[in-house]
Amino acid sequence: VTGKMAAFPWHSRHRNYKAEFASCQLEAVPLEFGDYHPLKPITVTESKTKKISRKGSTSSTSSSSSSSVVDPLSSVLDGTDPLSMFAATADPAAMAAAMESSRKKRDRDDSSIVGSDFEPWANKRGEILARYTTTEKLSINLFMGSEKGRVGTASSAMSEKVRTRLEELDDFEEGSQKELLNLTQQDYVNRIEELNQSLKDAWASDQKVKALKIVIQCSKLLSDTSVIQFYPSKFVLITDILDTFGKLVYERIFSMCVDNRSILPDHFSPENVNDTAKETCLNWFFKIASIRELIPRFYVEASILKCNKFLSKTGISECLPRLTCMIRGIGDPLVSVYARAYLCRVGMEVAPQLKESLNKNFFDFLLTFKQIHGDTVQNQLVVQGVELPSYLPLYSPAMDWIFQCISYHAPEVLLTEMMERCKKLGNNALLLNSVMSAFRAEFVATRSMDFIGMIKECDESGFPKHLLFRSLGLNLALADPPESDRLQILNEAWKVITKLKNPQDYINCAEVWVEYTCKHFTKREVNTVLADVIKHMTPDRAFEDSYPQLQSIIKKVIAHFHDFSVLFSVEKFLPFLDMFQKECVRVEVCKHIMEAFINALTLEDEKRTLAHLINGFIKMVSFGRDFEQQLSFYVESRSMFCNLEPVLVQLIHSVNRLAMETRKVMKGNHSRKTAAFVRACVAYCFITIPSLVGIFTRLNLYLHSGQVALANQCLSQADAFFKAAISLIPEVPKMINIDGKMRPSESFLLEFLCNFFSTLLVVPDHPEHGVLFLVRELLNVIQDYTWEDNSDDKIRIYTCVLHLLSAMSQETYLYHIDKVDSNDSLYGGDSKFLAENNKLCETVMAQILEHLKTLAKDEALKRQSLLGLSFFNSILAHGDLRNNKLNQLSVNLWHLAQRHGCADTRTMVKTLDYIKKRSKQPGMNHLTELALRLPLQTRT
Amino acid sequence: MGTSLDIKIKRANKVYHAGEMLSGVVVISSKDSVQHQGVSLTMEGTVNLQLSAKSVGVFEAFYNSVKPIQILNSTIEMVKPGKFPSGKTEIPFEFPLHVKGNRVLYETYHGVFVNIQYTLRCDMRRSLLAKDLTKTCEFIVHSAPQRGKLTPSPVDFTITPETLQNVKERALLPKFLIRGHLNSTNCTVTQPLTGELVVEHSDAAIRSIELQLVRVETCGCAEGYARDATEIQNIQIADGDVCRGLSVPIHMVFPRLFTCPTLETTNFKVEFEVNVVVLLHADHLITENFPLKLCRT
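How each quantity is defined
Residues numbered from 1 in each chain as written. Chains lettered and ligands numbered in written order. Predicted model: local features only at pLDDT ≥ 70, side-chain atom pairs only at ≥ 80, totals over all residues. Heavy atoms only, no water. UniProt positions renumbered as here; feature names shortened; annotations may be inferred. Pairing = 2+ DSSP bridges. Helix = DSSP H or I, 4+ residues; strand = E, 2+ residues; numbered from the N terminus. Axes fitted to C-alpha atoms, helices over the stretch in contact; angles between N-to-C directions. pLDDT = per-residue confidence, 0-100. Contact = heavy atoms within 4.5 Å. Buried < 20%, exposed > 50% of the residue type's maximum accessible area, 1.4 Å probe, protein only. Buried area = accessible area lost by both parts, 1.4 Å probe. Salt bridge = Lys/Arg side-chain N within 4 Å of Asp/Glu carboxyl O. Polar contact = N/O pair within 3.5 Å; in protein donor to acceptor, adjacent residues only side chain to side chain. Nonpolar A, V, L, I, M, F, W, Y, C, P; charged D, E, K, R; others polar. Phe/Tyr/Trp six-rings, centres within 6.5 Å; stacked < 30°, edge-to-face > 60°.

With an unreviewed UniProt entry as reference, chain B is termed Vacuolar protein sorting-associated protein 26C, source organism Chinchilla lanigera. The record in UniProt for chain B states the following under Subcellular location (unreviewed entry): "Endosome". Per UniProt, chain B carries the Sequence similarities (unreviewed entry) text "Belongs to the VPS26 family."

Per an unreviewed UniProt entry, chain A goes by VPS35 endosomal protein-sorting factor-like and derives from Chinchilla lanigera. What UniProt states about chain A under its Sequence similarities (unreviewed entry) heading is, verbatim, "Belongs to the VPS35L family." Its UniProt record gives chain A a comment under Subcellular location (unreviewed entry), which states: "Endosome".

Set out below in structure tokens:
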């Protein structure tokens, strides 16, 4: 190679692509319908499924693939399914339960402290307040005077109206009377809170008697059962005040025991308590003992039960049974059961080891149970217009609490006995419900079939059965029934649930059972359940009133389906989601779904998997022809998953696809509206791409989006993409991280650029920029890029540029984009354009030759040979070899390739054969001559 | 503020028995030093009798018989005239609780027509220009525990329309049967009154069941006396229509100061009774009365 070679002109070979294409094609032989063809069946189905999956963006149709032949249900029935057995043992929840039970054993040793496995009252509070509400007007009467007429007729008849100091205790403040009528529930709650505050204030300002009066007045409100449906909530509010009071008194007396030297230990004995403290404590008890009315006397004494510790060791154990008996005097069964609940609550807190009283409360309650159906209660219900089915559930919070206290760490024998006692009382639904709510879930779960039997038999007497099934379901969500019963339980329960007419009753029940279904069964059953819910909740848009329950169902389903793809292959899952029609709720639900699968802290690998799953989801979401909605979904998704690169990539692809869909729908002719929409899509991509990290991801997406923009006739936008891509190239690092390994990036860059060139062929020149503006820009960037020292990639790229330029100089290009005029039609073979083109070619060629020259060193001779041959091939393919200079160049290159014996003889032979073959084609005669000038070097 | 005077009795509950030493401190606190003409401490114990309005007219003749009876009255000089330094001065005292002659140290009792009260009074005499300072403080006297065992005296009772007296129209009464018992009508004042009550049957709904503790105070002498029963406290033991056949506990704590062991002297008597009061709907009021004998053991 000499310096003479430096300035070679380029002459592109003229191509007739159509003719070439035709000559290359195989002759098509039509196939008769019945004819055998090995590929036929596959091709047919493949093309069909492909079509469906393309079209069927609604997702549900494409999910059928995973259905299995074996019925999982039958295998569950056998109890031999190895998978489910494995699942049962490996279940982390079961492990946790095992640990829990071992912890329970430890706790049992110290029975004077309630373990953390005892669900505290605080948990119940909110639930009760939320559940027992009223719209009726309430009243608060804080005056003893009016009560006096009721209770004290006898006393006034007898006494001389001489009031002792004791009696005055009942007045809130001298001569004050507070009767607040027509309060809304919220007013009521506020008033009670005010009272709570004034109690604290009174205490803080050392007005102990006033504080006591407040507490008495408040507990008196608990004897008032008007607006009965609010009673459980009232109980919660007022016992809060009592708790406050109890604590204040205890702390006060406790502080009196602290002298300068020592503080009373937590487990003190009465001997350590000084006389003053004892006297103060006794005073409280005497004062309380003189409270006229039963209910306040009971509550106030119960509230300071703990203070007995100051007086004697046995105080509490003597007090509890007495207070328990005292409750017998409360005539109203509802008031009385709540009093029992309060006593159990205080008892559990102060002396949980004293189980006797708890049991006594339960048995006493059973004794008075018949009162519920007595005249007094019935009359009251008539007056208040309350039906039995809404009255009986008012008992539940109190009974549940009592049962829970009793069953806490209770021996199996006791539970069984309690169950038997309940059964004896005519298998009452109310009792059964509380047994199920309060007893250990394991206890109930193992007897599920018994309970179902009892539920079926039991005398409803106003207590709705669906509540019973709900309670059972709650247990089964926590503990597992025997394997063999599982399906039957579900069947039995669902049989009842599905018959519930009232959507509210239905959903409250169904919500609970979804958990059980998810836990023990496959997606098939879950699907059935979801379908049933949809069926029940759709009429009259019942779902609108039940969003919380529906949301809870979704949460449960998500919790059990860890595999996103399985979740979305549950056919009814998406239709179920469709019930969330209120915007904010829907967003909330979607967030839950996504949150279940992603959080910001996930590891790289997990992130990738999640991203993959979310991508699967995004691909499945379709709003049909509502493309704008679809786009806004993508916008929303982008904001939600901005930390997941693969998702953003998917979103860009999806948006591009959306633009193309639009184009397809419009058959390539955009209206003003669709053009604007498409531009919006393009803009979406344009602003999203820069936020990505992967450099090649960005490059490829710029290219891809540019292509889409071009296809949608957004020329300037396409230019912008390409320009962005070009200006990004200098940033491509030498090495990039691929699957955790650092690899040289050049091969990727080469690949990308080749791809880019193919696109640039059809990109029309911008009228305001020069000829081949983008190609020039790109060449500059390639020129300036710092390539590896001993790599030929730059030259390979130049070779490709040469191919591009050759293609660009054709009269008609190889391919076009519909409705986009490429340079061929823009310039129409203008000589100036061709001249520019050739000038570029020359520059590129000069670069190539320059490089070849530098390779004339020993260690690079092999590379020189390879590169020379490759350049030779390029000239052969794209150059017009009738041009002498080019012809000579090719001959020189041939020699160069073989000069140092580096060439692969086989390749050379094949190449030569090819030239000879080509020479026989029409218009290629000149190649015959060339072939003669290309000698084959024999290996020595 | 100026000078303050306070008496602090050693025992937190301020309860003393005959023969015991009543001890404590008198506390004088002042910013400046205090000039005084002497500080004395007086122990007093009196029985105050009063005639009820309805009795006054009838028993005018005995008007004199109800003048206060003095049980105790003794004074000790604590500090001779002088000067207290500024700040807090505590002067301890000991007072033996003795009665003179055949007088009896009755238990403290706060009633309506009879009041038995013991006080300690501290007087600081000062010069003409400054006011004398006085502080009074009640202390409580309990009689010595009675020897011997308290014999329980249980009472069973049944209340039906037929057992009632003072009924205007027996036929109009609803049918009912209430049974019960008191564990003992002989009670220790420190122990509650206990028992049980069962509404076996009642046509009318029960509104309330109450225990009414009544004091019966008698003033006077052999020639004539005034006897008055007044309520001490009323304790509800059942509220609303209680469950039939289920025993409701009777339980009442005797209030301190307002009760004392049953007392019988030549000039006055203090006795106690309890009424079981059942209120039915339609304003029927049924009362069953039980005299009690209280003592201290």
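Observations concerning the sheet that holds strand β15 (residues 193-202) of chain B
Residues and elements named next belong to chain B. Spatial ordering of the open sheet is given by β12-β13-β15-β18, a layout of 4 strands whose pairing is antiparallel. The open sheet has two edge strands with one neighbour each: β12 (155-159) and β18 (247-252). Strand after strand, the sheet turns through a mean of 20° between neighbouring axes, direction not considered. Across 6 bridges, the pairing between β15 and β18 is antiparallel. By the bridge assignment for β18, Thr194 is matched with His251.

Focus: unusual backbone geometry
Residue and element names in this part refer to chain A. In this structure, Gln713 takes a positive phi of about 60° despite not being glycine. Looking at where Gln713 falls in the secondary structure, it is placed in the loop between α38 (695-711) and α39 (715-728). Not every positive phi belongs to a glycine, and Leu772 is a case in point at roughly 50°. Within the secondary structure, Leu772 is located in the loop between α40 (746-760) and α41 (773-784).

Quick look at the sheet that holds strand β8 (residues 87-96) of chain B
Residue and element names in this part refer to chain B. With antiparallel pairing, the 3 strands of this open sheet are ordered in space as β1-β3-β8. A strand with exactly one partner marks an edge of an open sheet, and here the two such strands are β1 (4-9) and β8. For this sheet the average axis-to-axis angle between neighbouring strands, irrespective of direction, equals 20°. Pairing between β1 and strand β3 (residues 21-30): 6 bridges, direction antiparallel. The residue bridging Ile9 from the neighbouring strand is Gly24, located in β3.

Quick notes on the confidence of the model for chain A
It should be kept in mind that the predicted coordinates are not to be read in detail where pLDDT is low. All names here are of chain A. Scored by pLDDT, chain A comes out at a mean of 79, with 82% of its residues at no less than 70. Per-residue pLDDT stays below 50 along residues 1-5; that stretch engages in 5 contacts with residues further than four places along the chain or on separate chains. pLDDT under 50 marks residues 144-175. Its contacts with residues more than four places away, or in other chains, come to 68 contacts.

Section: the environment of Gln650 of chain A
Residues and elements named next belong to chain A. Position of Gln650 relative to the elements: it lies in helix α36 (residues 645-665). Exposure remark for Gln650: the relative accessible area of 13% places this residue in the buried category. Along the backbone, Gln650 and Ile618 are 32 residues apart, and their C-alpha atoms lie at a distance of 8.0 Å. Sequence-distant contacts of Gln650, defined by excluding residues within four places in its chain, comprise Asn615, Ile618 and Lys619.

Focus: the interface of chain A and chain B
Contacts between the two partners involve 40 residues from chain A and, on the opposite side, 38 residues from chain B. Both sides together, the interface formed by chain A and chain B hides about 3,200 Å², and carbon and sulfur atoms give 58% of it. Summed over the shared surface of chain A and chain B, the number is 1 salt bridge. A salt bridge links Glu279 of chain A to Arg256 of chain B; its shortest N-O distance comes to 3.1 Å. Scanning the region where chain A abuts chain B turns up 10 residue pairs in polar contact (both at pLDDT 80 or more). If you list the elements that add at least two residues to the side of chain A that touches chain B, you get α7 (144-151), α8 (153-158), α9 (165-168), α13 (275-289), α14 (294-303), α16 (315-326) and α18 (355-368) of chain A. The dominant element in the side of chain A that touches chain B, judged by the number of residues it contributes, is α13 of chain A, at 7 residues. Partitioning the side of chain A that touches chain B into residue classes produces 15 nonpolar, 13 polar and 12 charged.

Structural notes on the environment of Ser12 of chain A
Residues and elements named next belong to chain A. As for its position among the elements, Ser12 is in the segment before α1 (17-24). Exposure remark for Ser12: the relative accessible area of 19% places this residue in the buried category. Sequence separation of Ser12 and Asp880 is 868 residues, and the distance between their C-alpha atoms is 5.2 Å. Here the side chain of Ser12 touches Ser809 through a polar contact of 3.0 Å, side chain to side chain.

Remarks on the packing of aromatic side chains
Residue and element names in this part refer to chain B. Counted under the stated rule, the structure contains 38 aromatic pairs over all chains. Taking the centre distance of 5.8 Å and the plane angle of 40° together, the rings of Tyr118 and Phe139 count as tilted. Linking Tyr118 in strand β10 (residues 114-124) with Phe139 in strand β11 (residues 133-141), this pair joins segments that are 21 residues apart in sequence. Its relative accessible area of 0% is what places Tyr118 among the buried residues.

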